[in-house]
Amino acid sequence: MVILETERLRVRTLEEDDKPLLVTWLTNPVVLAFYEGRDNPHDREKVDQHFYDRNVTANGKKAWRFCQAFLLCCVLRANRTAVPFP
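Presented here is a report on the structure given in the accompanying data block. (Residues numbered from 1 in each chain as written. Predicted model: local features only at pLDDT ≥ 70, side-chain atom pairs only at ≥ 80, totals over all residues. Heavy atoms only, no water.)

A few words now on the environment of Leu26. Locating Leu26 in the fold gives a position in the loop between helix H1 (19-25) and helix H2 (29-32). Take Leu26: its relative accessible area is 5%, and that puts it in the buried class. Along the primary structure Leu26 and Val47 are separated by 21 residues, whereas in three dimensions their C-alpha atoms are 8.4 Å apart. Residues within four places of Leu26 in sequence aside, it is in contact with Val31, Leu32, Tyr35, Pro41, His42, Val47 and Phe51. (Helix = DSSP H or I, 4+ residues; strand = E, 2+ residues; numbered from the N terminus. Buried < 20%, exposed > 50% of the residue type's maximum accessible area, 1.4 Å probe, protein only. Contact = heavy atoms within 4.5 Å.)

Written as structure tokens, this is what we have:
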């Protein structure tokens, strides 16, 4: 779903097809320096758990991942290029 769109900027909700893009960003040490630290890269499984798994068990209870429960996960495109941002 597109949230905001201008001539140079487009913000939309995260989609299944964004997984490879997230893995690329979240294995880049430069991006990780501003996200969860260079020592915490996200492979495809970790991206699935962190951004897409809606039924994670927390303290023995089913819970929504932080992304779905408290934030609207989005992809930002500036001048038709996807830009990583937490």
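Our focus in this paragraph is the environment of Glu7. Tracing the sequence through the fold places Glu7 in the loop between strand S1 (2-5) and strand S2 (9-13). For Glu7, a relative accessible area of 81% puts it in the exposed group. For the pair Glu7 and Asn79, spaced 72 residues apart in sequence, the C-alpha to C-alpha distance is 8.0 Å.

A word on the sheet that holds strand S5 (residues 74-78). Pairing is antiparallel in the open sheet, where four strands are placed in the order S1-S2-S5-S6. Because the sheet does not close on itself, it has two edges, and the strands there are S1 and strand S6 (81-83). Direction aside, the axes of adjacent strands within the sheet are offset by 25 degrees on average. Strand direction decides the pairing type here: S5 and S6, joined by three bridges, are antiparallel. When the bridges of S6 are listed, Ala78 appears paired with Thr81. (Pairing = 2+ DSSP bridges. Axes fitted to C-alpha atoms, helices over the stretch in contact; angles between N-to-C directions.)

Right, let's get into the pairing of S1. With three bridges joining them, S1 and S2 adopt antiparallel strand pairing. Counterpart to Leu4 in the pairing with S2 is Val11. Taken together, S1 and the strand that follows it, S2, pair antiparallel across an intervening segment of three residues.

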